[in-house]
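Structural overview
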Amino acid sequence: MDFYILKKQEKLVAIPADEQNCKEYLDDGYFYVDKVAACNEKSALKRLQTKQVKAFKAPALLLLLVLPIILFAWMQISR
């Protein structure tokens, strides 16, 4: 089942992917964050958090891999 993830201030809500229901939330001040597939609301929110962690992890790992190479090259050039 698909769920819309909506946010109002710091509160995240997962609702079934029904456009009319979503419109009511949007009119109430929520804004659209993402659409995820899950079996219930709780797992939909967990999937969103997992998705966000993966989006942060890749650039951080790339930076950790490239940083020693840049430092080594800089040390070789500055000699």
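Here, the structure is the one placed above.
My aim in this report is to walk through the structure given alongside it, one point at a time. Just so you know, these numbers come straight off a predicted model, no measurement behind them.

Turning our attention to unusual backbone geometry. Positioned with a positive phi, Gln 9 is a non-glycine residue whose angle comes to about 55 degrees. In this fold, Gln 9 is placed in the loop between strand 1 (2-8) and strand 2 (11-16).

On to the nonpolar core, then. Membership of the largest hydrophobic core is limited to 7 residues, which are Phe 3, Ile 5, Ala 14, Val 36, Ala 38, Ala 44 and Leu 48. Of all the elements in the fold, those that place two or more residues in this core are strand 1 and helix 2 (41-77). The contact partners of Ala 44, leaving out residues within four places of it in the chain, are Phe 3, Ile 5, Ala 14, Val 36 and Ala 38. Counting 6 residues, the second largest nonpolar core, distinct from the first, contains Tyr 4, Leu 6, Val 13 and Tyr 30.

It is worth spelling out the pattern of salt bridges at this point. Throughout the structure, instances matching the rule amount to 2 salt bridges. Among the ionic pairs, Lys 35 bridges to Asp 2, the shortest N-O distance being 3.8 Å. With Lys 35 in strand 3 (residues 31-37) and Asp 2 in strand 1, this residue pair connects regions lying 33 residues apart in the sequence. Residue class for Lys 35 comes out partly exposed when judged on its relative accessible area of 39%. Its salt-bridge partner being Asp 27, residue Lys 23 comes within 3.8 Å of it at the nearest N-O pair. Separated by 4 residues within a single helix, Lys 23 and Asp 27 lie in helix 1 (residues 19-27), roughly one turn from each other. Residue classification places Lys 23 among the partly exposed residues on the basis of a relative accessible area of 47%. Overall, the relative accessible area of 61% leaves Asp 27 in the exposed class.

Quick notes on the rules
Residues numbered from 1 in each chain as written. Predicted model: local features only at pLDDT ≥ 70, side-chain atom pairs only at ≥ 80, totals over all residues. Heavy atoms only, no water. Helix = DSSP H or I, 4+ residues; strand = E, 2+ residues; numbered from the N terminus. Core = buried A, V, L, I, M, F, W, Y, C linked by side-chain atoms within 4.5 Å. Buried < 20%, exposed > 50% of the residue type's maximum accessible area, 1.4 Å probe, protein only. Contact = heavy atoms within 4.5 Å. Salt bridge = Lys/Arg side-chain N within 4 Å of Asp/Glu carboxyl O.

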